[in-house]
Amino acid sequence: MKWKDVYITEAELKRNRLPYFPLSLKENKISVFDYLNAHLGFVPCLGNLKINGNTAEFDLYNFGMGAPMDYRMIVKSLIKNILFVRI
């Protein structure tokens, strides 16, 4: 299958506003086959994790091409006071 050997560069992904997980790129490119394999559906990933004492902050990203039908976030902690902000 020839399309397994066709590559997309990071610049092309950005120009076409396609979501991608930066660590899935090798030498700033990814094959079309690997891109579709890794990015179909909803692919949640955490980023920008900051821990300060008993506080943790992070961003939730979707690197997939699909939106979740429904989702919920469960936060578990050993301490009782949890502040959860949903934007």
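Since the structure is predicted, the reported quantities are computational estimates derived from the model, not experimental observations. (Residues numbered from 1 in each chain as written. Predicted model: local features only at pLDDT ≥ 70, side-chain atom pairs only at ≥ 80, totals over all residues. Heavy atoms only, no water.)

(A) Here's a closer look at the confidence of the model for the chain. For the chain, the mean per-residue pLDDT works out to 78, and 74% of the residues sit at or above 70. At the low end of the mean pLDDT range in the chain sits strand β4 (residues 55-62), at 79; at the high end sits helix α1 (residues 10-15), at 94. (pLDDT = per-residue confidence, 0-100. Helix = DSSP H or I, 4+ residues; strand = E, 2+ residues; numbered from the N terminus.)

(B) The arrangement of unusual backbone geometry in detail. Positive phi outside glycine occurs at R17, with the angle close to 55°. Taking relative accessible area as the criterion, R17 reaches 77% and is therefore assigned exposed. (Buried < 20%, exposed > 50% of the residue type's maximum accessible area, 1.4 Å probe, protein only.)

(C) The pairing of β4, seen in detail. Sheet analysis places strand β3 (residues 44-52) next to β4, joined by seven bridges and oriented antiparallel. Among the inter-strand pairings, N52 is bridged to a residue of β4, identified as T55. Once β3 ends, the chain turns through two residues before running back antiparallel as β4, passing G53 with a positive phi of about 65°. (Pairing = 2+ DSSP bridges.)

(D) Spatial organisation of helix α2 (residues 32-39). The complete set of buried residues in α2 reads V32, Y35 and H39. Buried residues of α2, seen end-on, are gathered within an arc of 60° and therefore sit on one face of the element. Just past α2, the residue G41 takes up positive phi, approximately 85°. (Arc of directions from axis to C-beta.)

(E) Local environment of the nonpolar core. If you look at the biggest cluster of nonpolar residues, it comprises seven residues: I8, L13, Y20, L25, I30, V32 and Y35. Sequence-distant contacts of I8, that is, excluding residues within four places in its chain, are made with L13, N28, K29, I30 and V32. (Core = buried A, V, L, I, M, F, W, Y, C linked by side-chain atoms within 4.5 Å. Contact = heavy atoms within 4.5 Å.)

(F) Seen up close, the packing of aromatic side chains. A full pass over the atoms with the stated rule returns zero aromatic pairs. It is K29 that lies over the ring of Y7; its NZ or CZ is 5.0 Å from the centre. (Phe/Tyr/Trp six-rings, centres within 6.5 Å; stacked < 30°, edge-to-face > 60°. Lys NZ or Arg CZ within 6 Å of the ring centre and 35° of its normal.)

(G) A look at the pattern of salt bridges. According to the stated counting rule, one finds one salt bridge in the structure shown. K14 serves as the salt-bridge partner of E10, at 3.9 Å between the closest nitrogen and oxygen. Of the two residues, E10 and K14 are both situated in helix α1; the distance of four residues between them amounts to about one turn of the helix. A relative accessible area of 54% means that K14 is categorised as exposed. (Salt bridge = Lys/Arg side-chain N within 4 Å of Asp/Glu carboxyl O.)

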